[in-house]
Each structure stands twice: as C-alpha cells, then as structure tokens.
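This is what each chain is made of:
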Amino acid sequence: AINVPRVDMDKCTQCNKCSLICPHAAVRPFLLSQQELDNAPADFKAGCRAAIGGGVLDSYHFRIQVSPLDCTGCELCARICPADALKLEPADKATKAEKANWDFA
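Just so it is clear, the structure is predicted and the values come from calculations on it, not from any experiment. (Residues numbered from 1 in each chain as written. Predicted model: local features only at pLDDT ≥ 70, side-chain atom pairs only at ≥ 80, totals over all residues. Heavy atoms only, no water.)

> Hey, could you run me through the overall build of the protein chain in this one?
Tallying secondary structure elements over the protein chain gives five helices and five strands in all. Element order for the protein chain, N to C, with α for helix and β for strand: β-α-β-α-α-β-β-α-β-α. Its C-alpha atoms give the protein chain a radius of gyration of 13 Å, within 12% of the compact-globule value 13 Å for 105 residues. Here the C-alpha coordinates of the protein chain stretch approximately 40 × 25 × 20 Å along the principal axes. The proportion of buried residues among the 105 residues of the protein chain is 37%. (Helix = DSSP H or I, 4+ residues; strand = E, 2+ residues; numbered from the N terminus. Rg over C-alpha atoms; globule rule 2.2 N^0.38 Å. Buried < 20%, exposed > 50% of the residue type's maximum accessible area, 1.4 Å probe, protein only.)

Below, the structure is given as structure tokens:
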C-alpha cells in the first residue's frame, strides 16, 4: 500500500466498523487487562482508552490497531468510520510508528 490508516483514539467511538469492513483483517480491535497494558510499549499504552459497554468491560482497555504491513490501502476503514478517526498517511511513516505496536498486539 502507498497509504495506510492511523487511528486517532481520541475520536474513536469503539464501534468496530473499521475492523468489520477490512477485507484483510489489518484493522483489529483489542481489549486489554490492566496487567497486559502494563507490559505494553509506551506508544501502545498511549493509544488505549477505557473500554465502553459497562459490566465486565469496565476493567478493560480498548485499542484499534492497524497492521501497516498487511494493509492494502483500500481506504474502506476510513470511509466507513462515523467519527472520522482514521486518516491515511504514507505507509513507510505508519510502519515506523506502528510496527512495534502491531507486534505487541
């Protein structure tokens, strides 16, 4: 891909539409316990938010993670996002920023 998405977790509503529409499963939602989050890279932690939904989800953290190496750049995720939380950027820049996060996830 020439351009791949980066997620702005401050805009993300946790609807998961981006992961549902991705034809290559390059966009995935993750729920993490506090213990898992404690072991995460700093940049991964910074992108996590409290999971919404109540009940058992109250003790989890949520993150959408994109695999820049698996993304084909089709833009479906960015187009379906109701919160405009995914923005395309050059693949080389996204790979440098997100590869370690994807490897952890």
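Back to the text.
> Sorry if this is basic, but what is going on with the sheet that holds strand 2 (residues 27-32) here?
Hydrogen bonds between backbone atoms are what pair the strands of a sheet, whose relative direction is either parallel or antiparallel. Strand order in the open sheet formed by three strands is 2-4-3, and the pairing between neighbours is antiparallel. In this open sheet, the two edge strands, each paired with only one partner strand, are strand 2 and strand 3 (49-50). Examined bridge by bridge, strand 2 and strand 4 (residues 61-66) share six bridges and lie antiparallel to one another. Residue F30 lies in a different strand from strand 4, and its bridge partner there is R63. Contacts from helix 5 (residues 91-104) reach strand 2 and strand 4, with the element oriented near 125° to strand 4. (Pairing = 2+ DSSP bridges. Contact = heavy atoms within 4.5 Å. Axes fitted to C-alpha atoms, helices over the stretch in contact; angles between N-to-C directions.)

> I would appreciate a short explanation of the pattern of salt bridges in the present structure.
Here the idea is simple: oppositely charged side chains can pair when their charged atoms come close. Across all of its chains, the model carries seven salt bridges by this definition. In this structure, the salt-bridge partner of R6 is E89, at a minimum N-O distance of 3.0 Å. One end of the pair, R6, is in strand 1 (residues 3-7); the other, E89, is in strand 5 (residues 86-90), with 83 residues separating them in the sequence. Assessed through its relative accessible area of 24%, R6 is described here as partly exposed. Judged by its relative accessible area of 14%, E89 is buried. Within this structure, R6, R63, E89 and E98 form a network of salt bridges that share partners. (Salt bridge = Lys/Arg side-chain N within 4 Å of Asp/Glu carboxyl O.)

> Looking at this structure, how should I read the nonpolar core?
One recurring pattern in soluble globular proteins: nonpolar side chains tend to sit buried together. With 19 residues, the main nonpolar core has C12, C18, V27, F62, I64 and L86 as its most contacted residues. With three residues, the top contributor of residues to this core is strand 4. (Core = buried A, V, L, I, M, F, W, Y, C linked by side-chain atoms within 4.5 Å.)

> Would you mind showing me how to read the state of the cysteines here?
A covalent bond bridging the sulfur atoms of two cysteines is what the word disulfide describes. All chains considered together, the criterion is met by zero disulfides. Free cysteine C48: the closest other cysteine sulfur is in C12, separated by 11 Å. (Disulfide = S-S within 2.5 Å.)

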